[in-house]
Amino acid sequence: FSTTGTVEIPGLGFSAAFQVAPGEVVTIALPREADLSFSSDQITQKGIHVTATAEISVYGVSRAVESTDAFLALPTNILGTEHIVLGYQNLDVNPGVFETFPGTEFAIVATEDGTNVTITPSVTTGTHAAGVPYLITLDAGETYLLQNTGVEATDLSGTIISSDRPIAVFGGHAAANIPAPAVNYADYLVEPLFPVS
């Protein structure tokens, strides 16, 4: 039997209905504006909400010129309130050669209004000092990206994120060399992070 559903980004006014049969894959192209891009330390309204009449698997593919990554989306019933960020370090092994865009990062998506999120960054990022907690408040569908463009070997891995309501957290890097400097190419990395529980 086919399953129907909807992919929505309420903050962008985007909605697309879908129908999928068992064993099939349906692709929904999202608007470019859904990209968190370089909106570091800003609250945006770019959360993607997928609903369906039966259980489905959902995965995201972020595809750009010469860089792609994909991830399996986590259902809201397994989201949690305690996370430890896993990202990837910034690398600039040879200061005379720009080898990678330094962009260790994480993103948060709220599932409920009035979600208080405490972030304790592992490294100083922008105005946020390493080891000093700061608070943001998000409503359902709101997103928050923190990106660090510091020199080697800056890494937001180990950042502690706690919230009073379930959230989705993603860790990654804007353009990582793995391994570096053995390769001359960099790729975007993104992965949903399971809660500590």
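Okay, so let's go over this structure. (Residues numbered from 1 in each chain as written. Predicted model: local features only at pLDDT ≥ 70, side-chain atom pairs only at ≥ 80, totals over all residues. Heavy atoms only, no water.)

A short note on the overall build of the protein
Inference 1: Within the protein one finds 0 helices and 13 strands.
Inference 2: Listed by position from the N terminus, the elements making up the protein come as β-β-β-β-β-β-β-β-β-β-β-β-β.
Inference 3: Expected size for 197 residues packed as a compact globule is a radius of gyration near 16 Å; at 17 Å, the protein falls within 12% of this value.
Inference 4: Projected onto its principal axes, the C-alpha positions of the protein cover 55 × 35 × 30 Å.
Inference 5: Taken across its 197 residues, the protein has 37% of its residues classed as buried.
Inference 6: At a minimum sequence separation of 6, the contacts of the protein that also span at least 24 residues come to 66%.
Inference 7: Accessible surface for the protein amounts to roughly 10900 Å². Of this, 55% is attributable to carbon and sulfur atoms. (Helix = DSSP H or I, 4+ residues; strand = E, 2+ residues; numbered from the N terminus. Rg over C-alpha atoms; globule rule 2.2 N^0.38 Å. Buried < 20%, exposed > 50% of the residue type's maximum accessible area, 1.4 Å probe, protein only. Contact = heavy atoms within 4.5 Å. Areas by Shrake-Rupley, 256 points an atom, 1.4 Å probe, with all protein chains shown as cover.)

Topic: the nonpolar core
Inference 1: Ranked by internal contacts, the top residues of the largest apolar core, which has 17 residues, are F106, I108, V117, I119, Y144 and I161.
Inference 2: Within the residue set of this core, elements represented by two or more residues are β8 (104-110), β9 (115-120), β10 (134-138), β11 (143-148) and β12 (160-176).
Inference 3: Sequence-distant contacts of I108, that is, excluding residues within four places in its chain, are made with V117, I119, L138, E142, T143, Y144, I161, I167, A168 and V169.
Inference 4: Counting 9 residues, the second largest nonpolar core, distinct from the first, contains L79, A107, V109 and L145. (Core = buried A, V, L, I, M, F, W, Y, C linked by side-chain atoms within 4.5 Å.)

What about the pattern of salt bridges?
Inference 1: Counted according to the given criterion, the structure contains 2 salt bridges.
Inference 2: Via salt bridges that share partners, E112, D164 and R165 belong to a single interconnected network. (Salt bridge = Lys/Arg side-chain N within 4 Å of Asp/Glu carboxyl O.)

Topic: the environment of P192
Inference 1: In this fold, P192 is placed in strand β13 (residues 187-193).
Inference 2: For the pair P192 and L30, spaced 162 residues apart in sequence, the C-alpha separation works out to 18 Å.
Inference 3: Those residues in contact with P192 that lie beyond four places of it in its chain are F71, L72, L74, V169 and F170.

Examining the side chain of S67
Inference 1: Mapped onto the fold, S67 is located in strand β6 (residues 67-72).
Inference 2: Looking at S67, its side chain comes within polar contact range of the side chain of D187, at 3.4 Å.
Inference 3: A polar side-chain atom of S67 sits 2.8 Å from the main-chain amide nitrogen of Y188. (Polar contact = N/O pair within 3.5 Å; in protein donor to acceptor, adjacent residues only side chain to side chain.)

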